[in-house]
Amino acid sequence: MIRVIPAIDIIDGKCVRLTRGDYSRQTTYDASPVDMVKRMVDSGLPHIHAVDLTGARLGRPSALGLLEKMAAVDGAVIEWGGGIKTDADMRDLFNAGATRGVIGSVAVRDPELFASWLGQYGGDSVVLGADLNDGKVAVDGWTASGEVTATELVERFLPEGLQEMIVTDISRDGMLAGPSFDLYAELMERFGQLKVIASGGVSGIADIERLAQMGVPAVIVGKALYEGRVTLRQLYDVSIC
């Protein structure tokens, strides 16, 4: 079995999806983020992946008030990423109701700070977000490429208590063309103690079932849900909640 985590990407308070991380290729959906959380929780999918895309681009959280409303939905368990750069950002994130912080840019640019967060909050509350562009981890809301690979980050942070990593192949994100199965297989083989969460490219239930057969513990589903390729009921049926 695999845990299915529905995604909510947010720009200016609205649910959106980007194509290959390109802010100029944005689709905006009618449902509000709070309404989407309610629908997801009511469908038996309480674990939700939310990204403040505006904050990611600005380099600072921009939607913590919205996070408070989303986290106030009874039963919701929300992991949140986007623009988290300082100790104060992390405190504000958890004070607003997030259960986990997803961190990407800081892990690349200020590894000592990221390591300190792993030590302070624990590997079950701080998740590494590795969004890959040509094999390198992108930063600043996918607008710039770093110089390190996901493998290098894992090797750096496993001794510091890293437990989970969300891995997104940007070239597949929003394309509905299937996940990077080989990438996930390689990472799981190399780092058996790490929980590798798949993100990007899921086109339907068959992709999720294949990931489950591979032993991937969790998958984030976004555009396939919003475009009607899968329903919340179908996701619930294949998910361990």
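Everything below is about the structure printed above this text.
Notes on the structure in this doc start here. Here the structure is a predicted model, which is why all the values come from computation and not from measurement.

Strand β11 (residues 195-199) sits mainly inside the fold: four of its five residues count as buried. Pairing of strand β10 (residues 164-169) with β11 involves five bridges; the strand directions are parallel. Along β11, the bridge assignment pairs I166 with I197. As paired elements, β11 and strand β12 (residues 218-221) share three bridges and run parallel to each other. If you follow S199 over to β12, its bridge partner there is I220. Regarding the hand of the β-α-β motif, the stretch spanning β11, helix α9 (residues 205-214) and β12 is right-handed.

For the rest of this paragraph, the subject is the packing of aromatic side chains. Using the criterion set out here, one finds three aromatic pairs in the structure. Ring centres of F114 and F157 lie 4.6 Å apart, and the angle between their planes is 75°; on these two criteria the pair is classed as edge-to-face. With a gap of 43 residues between them, F114 in helix α6 (residues 111-121) and F157 in helix α7 (residues 150-157) connect regions that are remote in the sequence.

So, about the packing of helix α4 (residues 87-95) against α6. A pair of packed helices is captured by two measures, namely the crossing angle of their axes and the spacing between those axes. Packing of α4 against α6 brings their axes to within 11 Å, and their N-to-C directions diverge by 35°. Where α4 crosses over α6, the two elements pack in a sense that is right-handed. Only L113, W117 and Y121 of α6 make contact with α4, whose side of the interface consists of D87, M90, R91 and F94. The residue makeup of the contact of α4 with α6, split by class, is five nonpolar, no polar and two charged.

Take the environment of F191 next. Summarising the element assignment, F191 is placed in the loop between α8 (181-190) and β11. On the basis of relative accessible area, F191 is assigned to the buried category, the value being 6%. Separated by 130 residues in sequence, F191 and P61 have C-alpha atoms that sit 31 Å apart. When sequence neighbours within four positions are dropped, the list of residues in contact with F191 reads T151, V154, E155 and L158.

Attention shifts here to the environment of E164. Relative to the elements of secondary structure, E164 occurs in strand β10. For E164, a relative accessible area of 9% translates into the label buried. Along the primary structure E164 and E227 are separated by 63 residues, whereas in three dimensions their C-alpha atoms are 28 Å apart. Beyond its immediate stretch of four places on either side in the chain, E164 contacts R100, V127, L128, L194, K195 and I197. At 2.4 Å, the side chain of E164 and the side chain of R100 are in polar contact.

Cut-offs applied
- Residues numbered from 1 in each chain as written.
- Predicted model: local features only at pLDDT ≥ 70, side-chain atom pairs only at ≥ 80, totals over all residues.
- Heavy atoms only, no water.
- Buried < 20%, exposed > 50% of the residue type's maximum accessible area, 1.4 Å probe, protein only.
- Helix = DSSP H or I, 4+ residues; strand = E, 2+ residues; numbered from the N terminus.
- Pairing = 2+ DSSP bridges.
- Right-handed = clockwise from strand over helix to strand, strands pointing away.
- Phe/Tyr/Trp six-rings, centres within 6.5 Å; stacked < 30°, edge-to-face > 60°.
- Axes fitted to C-alpha atoms, helices over the stretch in contact; angles between N-to-C directions.
- Left-handed = near helix turned anticlockwise from the far one by under 90°.
- Contact = heavy atoms within 4.5 Å.
- Nonpolar A, V, L, I, M, F, W, Y, C, P; charged D, E, K, R; others polar.
- Polar contact = N/O pair within 3.5 Å; in protein donor to acceptor, adjacent residues only side chain to side chain.

Limitation: the analysis is restricted to geometry and does not speak to function.
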